[in-house]
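# Residue-level structure breakdown
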Amino acid sequence: MKITGEMLIGGAAVRGQLAELQAIDPASGSSLGPCFGGGGAAEVERACALAAAAFDRYRETTLEQRAHFLERIAEGLVDLGPALIERAQAESGLPKARLEGERGRTVGQLRLFASVVRDGRWLDVTIDRALPDRVPGRRPDLRLRNVALGPVAVFGASNFPLAFSVAGGDTASALAAGCPVVVKAHPGHLGTSELVGRVIQAAVQACGLPEGVFSLLIGEGNAIGQALVSHPAIQAVGFTGSRAGGLALCRIAAARPQPIPVFAEMSSINPVFLLPGALATAPEALAQAWVDSLVLGVGQFCTNPGLVLGSAGPAFDRFKAAATTALGAKDAAVMLTPGIHSAYQSGVQRLQGVAGVRELARGTSAADDRPGAAQPALFSTTAHTVLTRPELEQEVFGPAGVLVDCEDIAQMRTIAEHLEGQLTATLHLTDADHAEARQLLPVLERKAGRILVNGFPTGVEVAHAMVHGGPFPATSDGRSTSVGALAIQRFLRPVCYQDLPDALLPGALREGNPLRVPRLIDGKREGG
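Note that this is a predicted model, so its numbers are computed, not measured.

## Observations regarding unusual backbone geometry
- Omega for the peptide link from G33 to P34 comes to 0 degrees, which places this bond in the cis form.
- Within the secondary structure, P34 sits in strand β4 (residues 31–38).
- Residue P136 follows V135 across a cis peptide bond; omega there is 15 degrees.
- Take P136: it is sitting in the loop between β5 (125–128) and β6 (142–148).

## Let's talk about the environment of I3
- By the secondary structure assignment, I3 is in the segment before β1 (7–9).
- For I3, a relative accessible area of 16% corresponds to the buried category.
- Here the alpha-carbon distance between I3 and E194, two residues 191 residues apart in the chain, equals 6.7 Å.
- Residues in contact with I3, not counting those within four places in the same chain, are P34, F36, R87, G191, E194 and L195.

## Remarks on the pattern of salt bridges
- All told, the structure shown has 27 salt bridges when counted by the stated rule.
- Among the ionic pairs, R59 bridges to E60, the shortest N-O distance being 3.4 Å.
- Take R59: its relative accessible area is 25%, and that puts it in the partly exposed class.
- Put simply, E391 and R389 hold a salt bridge, and the shortest N to O gap is 2.6 Å.
- When its relative accessible area of 19% is taken as the criterion, E391 is described as buried.
- Within the structure, one salt-bridge network assembled from shared partners comprises D56, R59, E60 and R145.

## Some remarks on helix α5 (residues 169–177)
- Most of α5 is tucked away, with 9 of its 9 residues classed as buried.
- For α5, the complete set of buried residues consists of G169, D170, T171, A172, S173, A174, L175, A176 and A177.
- Looking one or two residues past α5, G178 carries a phi angle of roughly 100 degrees, positive in sign.

## A word on the packing of aromatic side chains
- What the rule picks out here adds up to 7 aromatic pairs.
- Between F160 and F164, the aromatic rings sit 5.1 Å apart at their centres with planes inclined by 55 degrees, giving tilted as the arrangement.
- Taken together, F160, F164 and F301 form an aromatic cluster joined through their ring pairs.
- Above the ring of F55, the side-chain terminus of R59 is found at 5.4 Å from the ring centroid.
- Above the ring of F160, the side-chain terminus of R98 is found at 4.7 Å from the ring centroid.

## Structural notes on the sheet that holds strand β17 (residues 377–382)
- Here we have 7 strands laid out as an open sheet, ordered β15-β17-β18-β13-β12-β19-β20, and mixed in their pairing. Each edge of the open sheet is held by one strand with a lone partner, namely β15 (358–362) and β20 (448–453). Each neighbouring strand pair of the sheet contributes to a mean axis angle of 20 degrees, computed without reference to strand direction.
- With 4 bridges joining them, β15 and β17 adopt antiparallel strand pairing. Paired with R362 across the bridge in β17 is A377.
- Docked against the sheet, helix α11 (residues 314–328) engages β12 (271–274), β13 (307–311), β15, β17 and β18 (400–406), running at close to 170 degrees with respect to β18.

## Let's talk about the nonpolar core
- If you look at the biggest cluster of nonpolar residues, it comprises 95 residues, and the most contacted ones within it are F69, I73, I200, L217 and V237.
- The element contributing the most residues to this core is helix α1 (residues 41–59), with 8 residues.
- Residues within four places of I73 in sequence aside, it is in contact with L110, A167, L175, V199, I200 and A203.
- With 42 residues, the next largest nonpolar core counts M335, A374, C406 and A416 among its residues.

## What to know about the side chain of H186
- With respect to the element layout, H186 can be found in the loop between β8 (181–184) and α6 (190–206).
- By relative accessible area, which is 18% here, H186 ends up buried.
- Among the polar contacts made by the side chain of H186, one reaches the main-chain amide nitrogen of G188 at a distance of 2.8 Å.

## Focus: the sheet that holds strand β10 (residues 236–240)
- Pairing in this open sheet of 7 strands is mixed, and the strands run β2-β1-β9-β8-β7-β10-β11 from one edge to the other. The sheet terminates laterally at β2 (12–14) and β11 (262–265), the two strands that pair on one side only. For this sheet, the mean inter-axis angle between neighbouring strands, taken without regard to orientation, is 20 degrees.
- Summarising the sheet, β1 and β2 pair through 3 bridges and their orientation is antiparallel. Each bridged residue has a counterpart across the sheet, and for L8 the counterpart in β2 is A13.
- Packing of α5 onto the sheet brings it into contact with β7 (152–155), β8 and β10, and relative to β8 it is tilted by some 170 degrees.

## Some words on the packing of helix α3 (residues 82–92) against α6
- It is the contact of α3 with α6, at a shortest axis distance of 8 Å, that shows an interaxial angle of 155 degrees. As far as their axial angle goes, α6 and α3 are roughly antiparallel. Where α3 abuts α6, its residues A83, L84, R87, A88 and E91 lie against L190, G191, T192, L195 and V196.
- By residue class, the composition of the contact of α3 with α6 is 6 nonpolar, 2 polar and 2 charged.

## Things to note about the environment of Q226
- Structurally, the position occupied by Q226 is in helix α7 (residues 223–230).
- Under the relative-accessibility criterion, Q226 is labelled partly exposed at 38%.
- A C-alpha to C-alpha distance of 8.8 Å links Q226 and A248, two positions 22 residues apart in sequence.

Conventions we followed
Residues numbered from 1 in each chain as written. Predicted model: local features only at pLDDT ≥ 70, side-chain atom pairs only at ≥ 80, totals over all residues. Heavy atoms only, no water. Helix = DSSP H or I, 4+ residues; strand = E, 2+ residues; numbered from the N terminus. Buried < 20%, exposed > 50% of the residue type's maximum accessible area, 1.4 Å probe, protein only. Contact = heavy atoms within 4.5 Å. Salt bridge = Lys/Arg side-chain N within 4 Å of Asp/Glu carboxyl O. Phe/Tyr/Trp six-rings, centres within 6.5 Å; stacked < 30°, edge-to-face > 60°. Lys NZ or Arg CZ within 6 Å of the ring centre and 35° of its normal. Pairing = 2+ DSSP bridges. Axes fitted to C-alpha atoms, helices over the stretch in contact; angles between N-to-C directions. Core = buried A, V, L, I, M, F, W, Y, C linked by side-chain atoms within 4.5 Å. Polar contact = N/O pair within 3.5 Å; in protein donor to acceptor, adjacent residues only side chain to side chain. Parallel < 35°, antiparallel > 145°, perpendicular 65-115°, else oblique. Nonpolar A, V, L, I, M, F, W, Y, C, P; charged D, E, K, R; others polar.

Just geometry here; none of it tells us what the structure is for.
See the structure below:
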């Protein structure tokens, strides 16, 4: 499949005339062809108008039609073969194996949502039958189902060119809910975005769906994204990126005549708590495992475990010594974009400038002069410094970690209370640590969307029970997740139908249950 540098607006390929953009090879800093034509307000208007026109027809497609559409996209991504991986590798600097795994995850997400759609539980069908003889007054016939929210704007993420981008989790869950999607391509992987976008465009056509179900926009700077979020047809936003970017979109969405939800995943330092029993058992092995997680993917994961807390003493000293050795042996590696690399360098410099923070180690320098290569960095400080210097709570997106000496479990809990909302919190413990864990768990439940034991958070399983979200500023809405089956709930709203004749009811609510979806009737599961 040839990359042309065009936007995909409905069923058409459109060459933008407002700017010329090129993807960059982050390892060399050189441009990658072809030139992409950037669009603006006119292209946003066309894409959003098509999405609005497609909405009512698309949201009432059958469950099987929608599931088949998602599976068709998944098949198309597989059929792209090596071309997709090669282009993504050139634009991101990520290794082939990582990108092949990410394509597998992307395909898996689409297939998961196909199964979710077929199952029908997401409709949350609830029926309270009429009670005409109830005293003192009759109860009407009440029937509820979830319906799609409306067209959704999705912003491609920099750190996952496939799994959190054009056909990533936001797009898959929005399409599963019955929402047309308008994607703003990330400028760091324009060619990858076009390849994936053409697969979705072809699936729309092959499945006989309205062309406005999907569009892909390209633009220079922030203007096209601002215009997209401001457009009255857009009813929700999916975003993964920086806190500044997410909050900017939230402000735009809130200032509209009709405010809309922004589901933004933004910022997290993902604290790790080393409880005494676990720390005493094998501090060196624990340190090596943590460093491996910290530098995985050059630290460019939103679940990167950047803050480690342990009780000061011989066991934590052994952990710090082992972590220092392990990190010092880690090579510098190329980051995704020049902007991310620059922000990482600034973040490390910020940590270096905090009084009470000591640098323990830096990774080895790059073997050459690659402009986007980042050295891992390790720092140490005390609980008092963390509690008094807010800079230490700011995410450094990349392979940098901070080790914190605490006096005891009470001080660990104090820091946990002090931290902002997080995507994850991790406990390393043995059976002997259960009492200490019980002191921390109530706080961590308030602070994090996912709590792990004896692992590291950089693996996010795509599953029914996964939560990839958390209290602000980890996300803009801590009630939601951007990974897993529950992600579909972000793009739904409930509608109650009162006393409608059976012939006018949606299929899921009719007496005969022609869709065969799970239903709650008068407080009991149908057939249960």
